[in-house]
Every structure is written in C-alpha cells, then in structure tokens.
Amino acid sequence: MINRTNSRNRRSLAKQTPAVALSAATLTVGLSSQADASPRAVTSGTPGTMVTTYEAVNIRQTPWSTSKKQGSYPANYTVFGICWAHGEPISDNGVVRNDIWVSTGVENGVQSFFISAVYLKGDSLGGMPVGAQCP
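Fair warning: this is a prediction, and the values are worked out from it, not measured in the lab.

Visitor: In this structure, what is going on with the overall build of the chain? I would like to understand it.
Guide: Helix and strand counts for the chain stand at one helix and nine strands. Across the 135 residues that make up the chain, the buried fraction comes to 43%. For the chain, the proportion of contacts with a sequence separation of at least 24, taken over those separated by at least 6, is 50%. As displayed, the chain has an accessible area near 7,200 Å², and 54% of this comes from carbon and sulfur atoms.

Visitor: Would you take a moment to explain the state of the cysteines for this structure?
Guide: Chemically, a disulfide is nothing more than a covalent bond linking the sulfur atoms of two cysteines. Here the structure, examined in full by the defined rule, presents one disulfide. The disulfide partner of Cys83 is Cys134, and the S-S distance across this bridge is 2.0 Å. Judged by the torsion about the S-S bond (90 degrees), the Cys83/Cys134 disulfide is right-handed. Of this pair, Cys83 sits in strand S7 (residues 83-92) while Cys134 sits in the segment after strand S9 (110-116), and the two are 51 residues apart along the sequence. Cys134 carries the same exposure label as Cys83, and that label is buried.

Visitor: Looking at this structure, I do not really get the confidence of the model for the chain. What am I missing?
Guide: Any residue range with low pLDDT should be treated as having predicted coordinates unsuitable for detailed reading. Taken as a whole, the chain shows an average pLDDT of 75; of its residues, 66% reach a score of 70 or greater. Confidence over residues 1-44 falls short of pLDDT 50; this stretch has 59 contacts with residues more than four positions distant or in other chains.

Visitor: Teacher, can you tell me more about the pairing of S7 here?
Guide: Remark: a regular strand shows side chains that alternate across the two faces of the sheet. Sheet topology places S7 next to strand S8 (residues 95-107); six bridges connect them, and they run antiparallel. Residue pairing in the sheet places His86 in a bridge with Ile100 of S8. Connecting S7 to the antiparallel partner S8 that follows it, the hairpin turn spans two residues, and Asn93 within it adopts a positive phi of roughly 55 degrees.

Visitor: Explain the nonpolar core to me, please; I cannot follow it from the model alone.
Guide: One broad trend across soluble globular proteins is that nonpolar side chains are buried collectively. Membership of the largest hydrophobic core comes to 27 residues, with the highest contact counts inside it found for Tyr73, Trp84, Val102, Ile115 and Met128. Secondary structure elements with two or more residues in this core: strand S4 (57-60), strand S6 (78-81), S7, S8 and S9. Aside from chain neighbours lying at most four places away, what touches Val102 is Gly81, Cys83, Trp84, Phe113, Phe114, Ile115, Leu120, Leu125 and Met128.

Visitor: Would you mind showing me how to read the side chain of Gln70 here?
Guide: Along the polypeptide, Gln70 turns up in strand S5 (residues 69-73). We classify Gln70 as buried; its relative accessible area is 7%. At 3.0 Å, the side chain of Gln70 forms a polar contact with the side chain of Glu107. At 3.1 Å, the side chain of Gln70 forms a polar contact with the backbone nitrogen of Phe113.

Visitor: Would you explain the side chain of Ser116 in this entry?
Guide: With respect to the helices, strands and loops of the structure, Ser116 is situated in strand S9. By relative accessible area, which is 2% here, Ser116 ends up buried. Filtering out sequence-adjacent residues up to four positions away, Ser116 remains in contact with Val57, Ile90, Ile100 and Trp101.

Visitor: I would appreciate a short explanation of the pairing of S8 in the present structure.
Guide: Inspection of the sheet shows S8 paired to S9 by six bridges, in the antiparallel sense. When the bridges of S9 are listed, Val102 appears paired with Ile115. If you look at the hairpin formed by S8 and S9, you'll find two residues sitting between the two strands, and Asn108 has a positive phi there, around 55 degrees.

Rules of the game
- Residues numbered from 1 in each chain as written.
- Predicted model: local features only at pLDDT ≥ 70, side-chain atom pairs only at ≥ 80, totals over all residues.
- Heavy atoms only, no water.
- Helix = DSSP H or I, 4+ residues; strand = E, 2+ residues; numbered from the N terminus.
- Buried < 20%, exposed > 50% of the residue type's maximum accessible area, 1.4 Å probe, protein only.
- Contact = heavy atoms within 4.5 Å.
- Areas by Shrake-Rupley, 256 points an atom, 1.4 Å probe, with all protein chains shown as cover.
- Disulfide = S-S within 2.5 Å.
- pLDDT = per-residue confidence, 0-100.
- Pairing = 2+ DSSP bridges.
- Core = buried A, V, L, I, M, F, W, Y, C linked by side-chain atoms within 4.5 Å.
- Polar contact = N/O pair within 3.5 Å; in protein donor to acceptor, adjacent residues only side chain to side chain.

Following this line, the structure appears as structure tokens:
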C-alpha cells in the first residue's frame, strides 16, 4: 500500500527541485552553500562517507575540469561523498597528478556533482573508503 502523505511530500519536493529526480529509494543529503542550492539525491545503502573541503572547490558534472560547472563548495564544507572515480589528473597545492574525483550527488540516475580529491582533507581518495569506487 502506498503511503499517500509521503507520496505527496515527494511530489511537492520534486516540484521545488526539478533538476534532481527523487524516488522512494533516495534521500537528500546536502545542499551546496553557493548559488546552486539544489539537493543531492543519494541511493540509500551507499558505502560512501562524509568528506570535507580544505579550500573552495568547483562542483563538476563529470570528473573533468572541462565539464559543466554545477556550483561550488566553500572551504571547510562537509558533504556526503557517494563514491570516487578516476578522471582528469589534477595538480595543485603541492599534489602532483591525482586523478581521483568524488561524486557528491546523482543527476538523472547518473553519478554527478564531482569534486577533485585534491581539494579534500584526507588521503589521495579525499577520505573516501577504498571500496567506494563508482560503478
């Protein structure tokens, strides 16, 4: 049986945030604190973890600096990292050619909202578990 109250709430939320499709199996985990304030939808049961930026970082649609910018996170911002993927190698702040990017959201059923691990506190995976590689 469908819980009509929850269905109405999901429809209402979907109307407010048309850029992100939410389903019964997703939950909202964070908001960009910059101009892009759309929620990030994450499948429940994901093996990711919370990650923290150590300086401001652009959010990209794919793990490449040339992909569409989807917003930014400020320094010391904590967000749920869903999974990590190999992408464009980034060299900055004394880090030489780290190709790890962390997905912080899903758009149209695809991992998106990527940030380079170079700008995250922690190890070369940005504090993500080794087993949390994106499918």
